[in-house]
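One letter stands for each residue in the lines below.
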Amino acid sequence: MKTAAHKTFGDPAAVLQATDMPLPAPNAGEVRIKTILSPIHNHDLWTVRGQYGYKPELPAIGGSEAVGVIEAIGAGVPEAMIGQRVAAAGINETWAECFIAPAAGVVPLPDVIPDEAAAQLIAMPFSAISLLDFITVSEGDWVVQTAANGAVGKIFAALAAAKGINTVNLVRRADAVAELEAIGMKNVISTDQDGWKEQASALIGDAGAKAAVDSVGGALAEDLVDLLGWQGELITFGTATGAPLTLNSGALIFKHITVKGFWGAKVTEMMDPQKRVGLITELVTLAAQNKLELSSGGIFAFDDIAQAVEAAQTTGRKGKILLRP
């Protein structure tokens, strides 16, 4: 079968290639899924670089989420699952014509959800909904988030608004403000504008924000702590810049700030199964009602994997870059 794979770790645009690999067979409790579409997530690219929490054996097929149709089953899996269109995430090697997933972990999908949305329905949306559950906030509180124009940022803001939680949504480009306001997001501020922190502080009020979620890294973390109130939480979710967090020890001490990491894969693994099912059901329902922003920024073939990776890393793209076998 054709795949997008790499024999060494490094720059994804340089090391990923369209490669033929053996067709995998499902073991007991597993299904083999014929891929329709698979997204390129930031964590997929960090994995290819060899700099993520999960480091695969080489040669490795990329990808961690996809939508497809079940075409083969392992022992103990109901035959009725064959032919179902499902979404799967938190797995490996989805940049392939077929991939293996645990039967218990796939999500059957209603026809009303298009493939472009279904391909990215679980990983980032589930990160957003579980991140909102992870932080200590309630109705009326304020949360500051960076990278608000990313997939998680858009969904996080929408889910928070539905629960009565206020968000200040930070972006790094002035032109991204209008883009987000056009989809209904409120309180969008660009950090490349003078006085942005004062503008954010005026929205939040004297009590400060209860939490801040950072996906950028670097010196911006200091500004986020300044916007937090007493016993606020700073959650680090990603590092778009690759720069280490810069923090002011005085602000941490005198505000009793808590700094936490959030790794979606580990949070999902540790989550009560019933709670996980409930959150995924909520996401599928919202997607079926067209209430989640799950747009595509382009669909590429495996033969064009270098161009796809470049597109996935392009600032200002309108949606998720997807791969089609």
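Above this text is the structure in question.
Peer 1: Whenever I open this one, helix α8 (residues 220-227) confuses me. Can you help?
Peer 2: Structural remark: α-helix, 3.6 residues per turn; residues separated by three or four positions point the same way. Listing the buried residues of α8 in full gives Leu220, Ala221, Leu224, Val225 and Leu227. Along the axis of α8, the buried residues cluster in a sector spanning 160°; they form a single face. Tucked inside the fold, the buried residues of α8 contact β9 (142-145), β10 (166-171), α7 (196-204), β12 (209-214), β13 (228-236) and α9 (249-255).

Peer 1: I would appreciate a short explanation of the pairing of strand β3 (residues 30-39) in the present structure.
Peer 2: Looking down a regular strand, the side chains alternate between one sheet face and the other. Among the ten residues that make up β3, eight are buried, leaving the element largely enclosed by the rest of the structure. Pairing of β3 with strand β16 (residues 320-324), which is carried by two bridges, proceeds in the antiparallel orientation. Each residue of the ladder has a partner; that of Ser38, found in β16, is Leu323.

Peer 1: Looking at this structure, I do not really get the nonpolar core. What am I missing?
Peer 2: Side chains that are nonpolar tend, in soluble globular proteins, to be buried together. Counting 44 residues, the largest nonpolar core has Leu121 and Ile135 as the members making the most contacts within it. For this core, the elements supplying multiple residues, two or more each, are β3, β6 (85-89), α3 (115-118), α4 (123-134), α5 (151-162), β12 and α11 (273-288). Element by element, the count of residues in this core is highest for α4, at seven residues.

Peer 1: Honestly, the packing of aromatic side chains in this entry has me stumped. Any pointers?
Peer 2: Between two aromatic rings, the relevant description is the distance of the centres plus the angle of the planes. Enumeration according to the criterion identifies three aromatic pairs in this entry. Note on Tyr52 and Trp263: the rings are 5.9 Å apart at their centroids and 85° apart in plane angle, and the pair reads as edge-to-face. In this pair, Tyr52 is assigned in the loop between α2 (42-49) and β4 (60-61) and Trp263 in the loop between β14 (258-261) and α10 (264-270), connecting sequence segments 211 residues apart. Looking at Tyr52, the relative accessible area reads 29%, which means it is partly exposed. Trp263 sits in the partly exposed class, given a relative accessible area of 35%. Where Phe134 meets Phe262, the ring centres are 5.1 Å apart and the plane angle is 70°; that geometry is what we call edge-to-face. Of this pair, Phe134 sits in helix α4 while Phe262 is found in the loop between β14 and α10, placing the two residues 128 residues apart along the sequence. Judged by its relative accessible area of 6%, Phe262 is buried. Taken together, Phe134, Phe237 and Phe262 form an aromatic cluster joined through their ring pairs. Taking NZ or CZ as reference, Arg49 lies 4.6 Å from the ring centre of Trp46, over its face. The ring of Phe134 carries the charged tip of Lys260 above its face, separated from the ring centre by 5.3 Å.

Peer 1: Would you take a moment to explain unusual backbone geometry for this structure?
Peer 2: Glycine aside, a negative phi is what most residues show, and trans is what most peptide bonds show. Following Leu58, the chain continues to Pro59 via a peptide bond in cis, the omega torsion being -5°. Position of Pro59 among the secondary structure elements: in the loop between α2 and β4. For Asn187, which is not glycine, the phi dihedral falls at a positive 55°. On the secondary structure map, Asn187 appears in the loop between α6 (174-182) and β11 (188-190). Unlike most non-glycine residues, Asn290 shows phi in positive territory, near 60°. Of note, Asn290 is situated in the loop between α11 and β15 (296-301).

Peer 1: Honestly, the sheet that holds β13 in this entry has me stumped. Any pointers?
Peer 2: Strand pairing in a sheet takes place through backbone hydrogen bonds and is either antiparallel or parallel in direction. Taken in spatial order, the six strands line up as β11-β10-β9-β12-β13-β14 in an open sheet, and their pairing is parallel. The strands lining the two open edges of the sheet, one partner per strand, are β11 and β14. Sheet twist, expressed as the mean angle between neighbouring strand axes with direction ignored, is 20°. Inspection of the sheet shows β9 paired to β12 by three bridges, in the parallel sense. Each residue of the ladder has a partner; that of Gln145, found in β12, is Val213. Set on the sheet, α8 makes contact with β9, β10, β12 and β13; between it and β13 the angle comes to about 145°.

Peer 1: Help me out: how do you make sense of the side chain of Asp141 in this one?
Peer 2: Locating Asp141 in the fold gives a position in the loop between α4 and β9. Although Asp141 is buried, it makes no salt bridge; Lys210 carries the closest opposite charge, 4.9 Å away. In this structure the side chain of Asp141 is engaged in a polar contact, spanning 2.8 Å, whose partner is the backbone nitrogen of Ser138.

Peer 1: Before we go on, may I ask you to explain the sheet that holds β4 in this structure?
Peer 2: Taken together, the three strands give an open sheet; going across it, the order is β2-β1-β4, and neighbouring strands pair in antiparallel fashion. Bordering the open sheet on either side are β2 (17-20) and β4, each of which pairs with just one other strand. Sheet analysis places strand β1 (residues 2-6) next to β2, joined by four bridges and oriented antiparallel. Bridging from a neighbouring strand, Ala4 pairs with Ala18 of β2.

What counts, and at which threshold
- Residues numbered from 1 in each chain as written.
- Predicted model: local features only at pLDDT ≥ 70, side-chain atom pairs only at ≥ 80, totals over all residues.
- Heavy atoms only, no water.
- Buried < 20%, exposed > 50% of the residue type's maximum accessible area, 1.4 Å probe, protein only.
- Helix = DSSP H or I, 4+ residues; strand = E, 2+ residues; numbered from the N terminus.
- Arc of directions from axis to C-beta.
- Contact = heavy atoms within 4.5 Å.
- Pairing = 2+ DSSP bridges.
- Core = buried A, V, L, I, M, F, W, Y, C linked by side-chain atoms within 4.5 Å.
- Phe/Tyr/Trp six-rings, centres within 6.5 Å; stacked < 30°, edge-to-face > 60°.
- Lys NZ or Arg CZ within 6 Å of the ring centre and 35° of its normal.
- Axes fitted to C-alpha atoms, helices over the stretch in contact; angles between N-to-C directions.
- Lys, Arg positive; Asp, Glu negative; His and termini not counted.
- Salt bridge = Lys/Arg side-chain N within 4 Å of Asp/Glu carboxyl O.
- Polar contact = N/O pair within 3.5 Å; in protein donor to acceptor, adjacent residues only side chain to side chain.

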